[in-house]
Amino acid sequence: MSKKKLATVWLGGCSGCHMSLLDIDERILDVAKLADIVKSPIVDGKEMPEVDIALVEGSITSDEHYREILHIRKKAKTLIAFGDCAVMTNVTGMRNYFPLKEVFDAAYVNAVSNDAEGQVPGHPSLLKLNDKVVPLQEVVNVDFVIPGCPPNADTIFYVLFEFLNDRLPDLGKAKKLKYG
Ligand code: SF4
């Protein structure tokens, strides 16, 4: 079996799902035997080539995320919503309860205008937040989900390992399996 190509992408999330991915520890070597990680926050690759599997953490919160998820969908044979923010917006979606301007000002404008330099790195011209945060499946077709905040490492490894061996994972089974 030839090696597959794997991407992991971080959109509107806290990176906790990627931290949990790193918790698969030495099992990353089993993944590496079956796949090249061609794009990820944990490797250097910045471009998104054609991939067999894309794990996508986080919700769609901005025009940039929107463009990125459409691009990922075109490039990935299997797109996996990775963690509760990707699946149902979760923590990232909490801002949906407040007007966008209020949230933006609190997070970027007011917070930074009080600092010693008086700089505004989050100026509106640099970031176009969407009115509402949405999960991946509201923008693209999602092939599989890994729930959890964050998903646990055993589940992540199980799902990856099954897909890398051309099998469809069974999340019910994942709960009963012990690895390591
Ligand atoms: S699901 Fe939890 S750990 Fe993952 S990005 Fe969202 S808040 Fe962070």
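Refer to the structure above for everything that follows.
The model shown is predicted, which means the values in this text are computed figures rather than measured ones.

**A few points about the packing of aromatic side chains**
As enumerated under the stated definition, the model contains two aromatic pairs in all. Where Phe144 meets Phe163, the ring centres are 5.4 Å apart and the plane angle is 85 degrees; that geometry is what we call edge-to-face. Here Phe163 lies in helix H6 (residues 153-164) and Phe144 lies in strand E7 (residues 144-146), a separation of 19 residues in the sequence.

**So, a nonpolar patch on the surface**
Together, Val91, Met94, Tyr97 and Phe98 give the surface a local cluster of nonpolar side chains, amounting to about 490 Å² of exposed area. With respect to the secondary-structure elements, Met94 resides in the loop between helix H4 (84-88) and helix H5 (100-113).

**Thoughts on the site of the ligand**
Taken together, the residues surrounding the ligand are Gly13, Cys14, Gly16, Cys17, Glu57, Asp84, Cys85, Asn90, Val91, Gly148, Cys149 and Pro150. At the level of secondary structure, the elements contributing two or more residues to the shell around the ligand comprise helix H1 (16-22) and H4.

**Here's the deal with the pattern of salt bridges**
When the charged atoms of two side chains with opposite charge come close together, those side chains can pair. The final tally for this structure, using the stated rule, is 10 salt bridges. Asp166 is the salt-bridge partner of Lys4, the closest N and O atoms lying 3.0 Å from each other. On the criterion of sequence distance, the pair formed by Lys4 in strand E1 (residues 4-10) and Asp166 in the loop between H6 and helix H7 (171-176) is long-range, its members being 162 residues apart. Residue class for Lys4 comes out buried when judged on its relative accessible area of 12%. Assessed through its relative accessible area of 54%, Asp166 is described here as exposed. Where Arg67 meets Asp63, a salt bridge forms, and the shortest distance between an N and an O atom there is 3.6 Å. Highlighted residues: Arg67 and Asp63, both in helix H3 (residues 63-75), separated by four residues, approximately one helical turn.

Scoring rules and cut-offs
- Residues numbered from 1 in each chain as written.
- Predicted model: local features only at pLDDT ≥ 70, side-chain atom pairs only at ≥ 80, totals over all residues.
- Heavy atoms only, no water.
- Phe/Tyr/Trp six-rings, centres within 6.5 Å; stacked < 30°, edge-to-face > 60°.
- Helix = DSSP H or I, 4+ residues; strand = E, 2+ residues; numbered from the N terminus.
- Patch = residues over 30% accessible without salt bridge, like charges linked within 9 Å, V, L, I, M, F, W, Y side chains within 5 Å.
- Areas by Shrake-Rupley, 256 points an atom, 1.4 Å probe, with all protein chains shown as cover.
- Salt bridge = Lys/Arg side-chain N within 4 Å of Asp/Glu carboxyl O.
- Near = heavy atom within 4 Å.
- Buried < 20%, exposed > 50% of the residue type's maximum accessible area, 1.4 Å probe, protein only.

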